[in-house]
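Structural features, examined
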Amino acid sequence: MPGIVSAKTPPPTVTLPDPQIRPASSSSRLNSPAQPPKRTPSPSRAKPSPDRTSASKNKPIDESALDNPDLGPFLLKVARDTIASGDGPNKALDYAIRASKSFERCAVEGQPSLDLVMSFHVVAAIYCSLGRFQEAVPVLDRAVTVPDISRGPDHALAAFSGYMQLGDTHSMLGHLDRSIHSYKEGLNIQIQALGDSDPRVAETCRYLAEAHVQAMQFDEAENLCKQTLEIHRVHSAPASLEEAADRRLMALILEAKGDYESALEHLVLASMAMIANGQENEVASIDVGIGNVYQSLCRFDEAVFSYQKALTVFKASKGENHPSVASVFIRLADLYYKTGKLRESKSYCENALRIYNKPVPGTAQEEIAGGLSEIAAIYESVNEPEESLRLLQKAMKLLEDKPGQQNTVAGLEARMGVMYYILEKYGEALSSFENAVTKLRSSGERKSAFFGVLLNQMGLACVQLFKIDQAAELFEEARAVLEQECGPCHQDTLGVYSNLAATYDAMGRIEDSIEILEYVVKLREEKLGTANPEFDDEKKRLAELLKEAGKSRNKKAKSLENLIDPNSKRTKKETTKRWGFRI
């Protein structure tokens, strides 16, 4: 009786589901606790063929032949053999599509066909191997509707596998919410079939937790990770590799939530488990994570010790030019920047860049881009925006054609926009922000705090270009997002309130500007305190506007729920203008 297993990351080849519809399985994708893991779909991410026209469009299908019940299995086998022989995915796609049509025509009414489900999975896998993820989605949507899980474990396995493959495909398109929804459906089916304490359920829970981490949904990720730890506590030996992987993920989640002491505890336990299992390189990776937590706790000497331990192991086991060595150099550069040792910081940045500029064969471009992005952040911190911009541009070029990297590229473009803004290249800044916003809108990420911050930055660029009406629209949308995600008392939200008030003032909407500033001043007086120097500035601006309008201050500010939509993100550049915009 087949079991329902967790769908994990496949090797980089075109992988088709086998006749039992078992999802591909491999080791955990958690490589480093310093960074959320990237998700990949069930098939490979090979570049699209130059000839996007499949064979199915060139060869007419003999509809009458498809009624032969022996044709579907034969065509499906030919499709798999075609992939295995390297004849090309387009030809295999034609066979797989014809197989699915044959299975569909031969299906008995009221009898869900698992052969049909299998053929859909194969078609979707080939579409994904060609980079045609959008075309794979409707195929998988159909695939998950065919099985009837009340008919037993085979149907449950087919439905589970389909939902996990659908989630991976949505993830490659940057649709994180849809991806997580699909994974949840798969997990629910798996729990119905196996119960909620089966070790295979633990693997899927961890997979879903990693998806929540990528979506910055840390509370949901923590709950799933706790469930995974509990299952492995019951079914695995003490200090097992499974427990170590769970604890590394839990440490990543807790670190992101600011619970550094608890994160450190989990990392130490994970390290002990890896030592017990002889996983020296994994121990070094955990040491990097321990160093990150020590750095967050301002225990810098202990952080340096952890980084140096990891560095010694990586150099001995992987070579001095390995990207793992460069990643430790970056952590040391960041630490020395924070402790004011700028010369040492820059030296470690240059050492890391030397490795990334001449990477060892087999280094993933995503890994190089991630390293360049981190170095760019350090150069930005030391007030070298030109060098930061150059590195961000290089990182973006490495990722812009990669499937599943839309949100990462959007983040890089947003940071490039900030660098352009600092350099007073406002046209280029606006263009970068627009590109980033377009990518995030298309991927469905319109509710995150990052998106609200980005809208605010884009609004500021519009102000500098005297596009005041457009700026007002962006500030309003930013406010709606940040009030929902961060609340009205958050500094980013308060900054957008201020920017929107200044924009309304510039547009001659004095009444609206006064109402916003009255709300902000009242908020600071009643909830946030008046020690912040921005309070005096806002109070002064409000007094000037009231004087101009011939009014006195309204002590009971009206609610702005239906009036504005602000959001704020400050850059290192502060400008003083007649309307007092905040960046």
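These numbers come from a predicted model, not from an experiment.

What follows concerns the overall build of the chain. The helix and strand inventory of the chain stands at 24 helices and 0 strands. Out of the 583 residues belonging to the chain, those deemed buried represent 52%. Within the chain, contacts between residues separated by at least 24 positions form 68% of all contacts whose residues are at least 6 apart in sequence. As displayed, the chain has an accessible area near 25,900 Å², and 49% of this comes from carbon and sulfur atoms.

Let's shift gears to the packing of aromatic side chains. Considering all chains together, one arrives at 5 aromatic pairs under this definition. Plain terms: the ring middles of Phe329 and Tyr348 are 5.7 Å apart, the flat faces sit at 40° to each other, and that makes the pair tilted. Placement of the pair is Phe329 in helix 14 (residues 323–338) and Tyr348 in helix 15 (residues 342–357), with a sequence separation of 19 residues. Residue classification places Phe329 among the buried positions, given a relative accessible area of 6%. According to the relative accessible area criterion, Tyr348 is buried, its value standing at 18%. Ring geometry for Tyr497 versus Tyr519: centroids 5.5 Å apart, planes at 85°, classification edge-to-face. Within this pair, whereas Tyr497 is found in helix 22 (residues 491–506), its partner Tyr519 is found in helix 23 (residues 510–528), the two being separated by 22 residues in sequence. The exposure class assigned to Tyr497 is buried, which follows from its relative accessible area of 0%. A residue is classified by how much of its surface remains accessible, and Tyr519, at 18% relative accessible area, is buried. Ring pairs connect the aromatic residues Phe329, Tyr336 and Tyr348, which therefore count as one cluster.

With that out of the way, let us pick up the nonpolar core. Ranked by size, the top nonpolar core spans 129 residues in total, and within it Tyr356 and Ile375 carry the most contacts. In terms of residues, this core owes the most to one element, helix 18 (residues 406–422), which gives 10 residues. Ranked by size, the runner-up nonpolar core spans 36 residues in total, among them Val123, Ile126, Tyr127 and Ala158.

This next bit is on the packing of helix 12 (residues 280–296) against helix 13 (residues 300–318). Running from N to C, helix 12 and helix 13 point in directions that differ by 155°, and their axes come no closer than 8 Å. For the element pair helix 12 / helix 13, the angle class is roughly antiparallel. Helix-helix and strand crossings are classified by hand; for helix 12 and helix 13 the assignment is left-handed. Across from Glu280, Asn281, Ala284, Ser285, Asp287, Val288, Ile290, Gly291, Asn292, Tyr294 and Gln295 in helix 12, the residues of helix 13 making contact are Phe300, Glu302, Ala303, Ser306, Tyr307, Lys309, Ala310, Val313, Phe314, Ser317 and Lys318. Partitioning the contact of helix 12 with helix 13 into residue classes produces 10 nonpolar, 7 polar and 5 charged.

All right, on to helix 16 (residues 365–381) then. Given a rise of 1.5 Å per residue, 17 residues ought to cover 24 Å, and the 25 Å separating the end C-alpha atoms of helix 16 matches this to within 8%. Among all positions in helix 16, only Ile368, Ala369, Gly370, Gly371, Leu372, Ser373, Ile375, Ala376, Ile378, Tyr379 and Glu380 are buried. Contacts from the buried residues of helix 16 go to helix 14, helix 15, helix 17 (385–399) and helix 18. Phi for Asn383, located one or two positions after helix 16, is positive at around 65°.

Turning our attention to a nonpolar patch on the surface. Together, Val268, Leu269 and Met272 line one region of the surface with nonpolar side chains, adding up to about 240 Å² of accessible area. Within the secondary structure layout, Leu269 lies in helix 11 (residues 260–276). On the basis of relative accessibility, which here comes to 32%, the residue Leu269 falls in the partly exposed class.

The next thing to look at is the environment of Ala156. The residue Ala156 is located in helix 6 (residues 153–172) in this model. Under the relative-accessibility criterion, Ala156 is labelled buried at 4%. Separated by 37 residues in the primary sequence, Ala156 and Ala193 place their C-alpha atoms 6.8 Å from one another.

On to the environment of Ala333. You can see Ala333 is positioned in helix 14. Each C-alpha atom of the pair Ala333 and Ile378 lies 7.8 Å from the other, and the pair is 45 residues apart in sequence. In contact with Ala333, other than residues within four places in its own chain, are Ser345, Tyr348, Cys349 and Ile378.

Let us look at the environment of Leu494. Positionally, Leu494 belongs in helix 22. On the basis of relative accessibility, which here comes to 0%, the residue Leu494 falls in the buried class.

One can describe the packing of helix 10 (residues 241–256) onto helix 11 by two numbers: an axis separation of 8 Å at closest approach and a directional angle of 160°. Classified by the angle between their axes, helix 10 and helix 11 sit roughly antiparallel to one another. The interaxial crossing formed by helix 10 with helix 11 has left-handed handedness. Residues Leu241, Ala244, Arg247, Arg248, Met250, Ala251, Leu254 and Glu255 of helix 10 touch helix 11, and the partners they reach there are Tyr260, Ser262, Ala263, His266, Leu267, Leu269, Ala270, Ala273 and Met274. Of the residues belonging to the contact of helix 10 with helix 11, the class tally is 12 nonpolar, 2 polar and 3 charged.

Our focus in this paragraph is helix 2 (residues 71–85). With 15 residues, helix 2 ought to run about 21 Å at 1.5 Å a step, and its terminal C-alpha atoms sit 21 Å apart, in line with that. Among the residues of helix 2, those classed as buried are Leu71, Gly72, Leu75, Leu76, Val78, Ala79, Thr82 and Ile83. The buried residues of helix 2 occupy one face: seen down the axis, they fall within an arc of 160°. Seen from the buried face of helix 2, the exposed residues on the opposite side, beyond 90 degrees, are Phe74, Lys77 and Ala84. Buried positions along helix 2 lie against helix 3 (89–106) and helix 4 (114–129). Phi turns positive, to about 80°, at Gly86, one or two residues after helix 2.

Below, the discussion takes up the pattern of salt bridges. Pairs may arise between side chains of opposite charge once their charged atoms sit close together. Counted by the stated rule, this structure contains 25 salt bridges. With its nearest N and O atoms 2.7 Å apart, the salt bridge here joins Arg132 to Glu135. For Glu135, a relative accessible area of 32% puts it in the partly exposed group. Connected through shared salt-bridge partners, Asp219, Glu222, Lys226 and Lys257 make up one network.

Counting through the fold element by element, Thr228 comes out in helix 9 (residues 218–235). The residues contacting Thr228, other than those within four sequence positions of it, are Ala202, Cys205, Arg206 and Asp246.

A separate point is unusual backbone geometry. Notably, Glu424 is not glycine yet its phi reads approximately 65°, a positive angle. Relative to the helices and strands, Glu424 is located in the loop between helix 18 and helix 19 (426–442). One non-glycine residue, Phe466, lies in positive phi territory at about 65°. The exposed category is assigned to Phe466, whose relative accessible area is 72%.

Reading guide: rules and limits
- Residues numbered from 1 in each chain as written.
- Predicted model: local features only at pLDDT ≥ 70, side-chain atom pairs only at ≥ 80, totals over all residues.
- Heavy atoms only, no water.
- Helix = DSSP H or I, 4+ residues; strand = E, 2+ residues; numbered from the N terminus.
- Buried < 20%, exposed > 50% of the residue type's maximum accessible area, 1.4 Å probe, protein only.
- Contact = heavy atoms within 4.5 Å.
- Areas by Shrake-Rupley, 256 points an atom, 1.4 Å probe, with all protein chains shown as cover.
- Phe/Tyr/Trp six-rings, centres within 6.5 Å; stacked < 30°, edge-to-face > 60°.
- Core = buried A, V, L, I, M, F, W, Y, C linked by side-chain atoms within 4.5 Å.
- Axes fitted to C-alpha atoms, helices over the stretch in contact; angles between N-to-C directions.
- Parallel < 35°, antiparallel > 145°, perpendicular 65-115°, else oblique.
- Left-handed = near helix turned anticlockwise from the far one by under 90°.
- Nonpolar A, V, L, I, M, F, W, Y, C, P; charged D, E, K, R; others polar.
- Expected span 1.5 Å × (residues − 1).
- Patch = residues over 30% accessible without salt bridge, like charges linked within 9 Å, V, L, I, M, F, W, Y side chains within 5 Å.
- Salt bridge = Lys/Arg side-chain N within 4 Å of Asp/Glu carboxyl O.
- Arc of directions from axis to C-beta.

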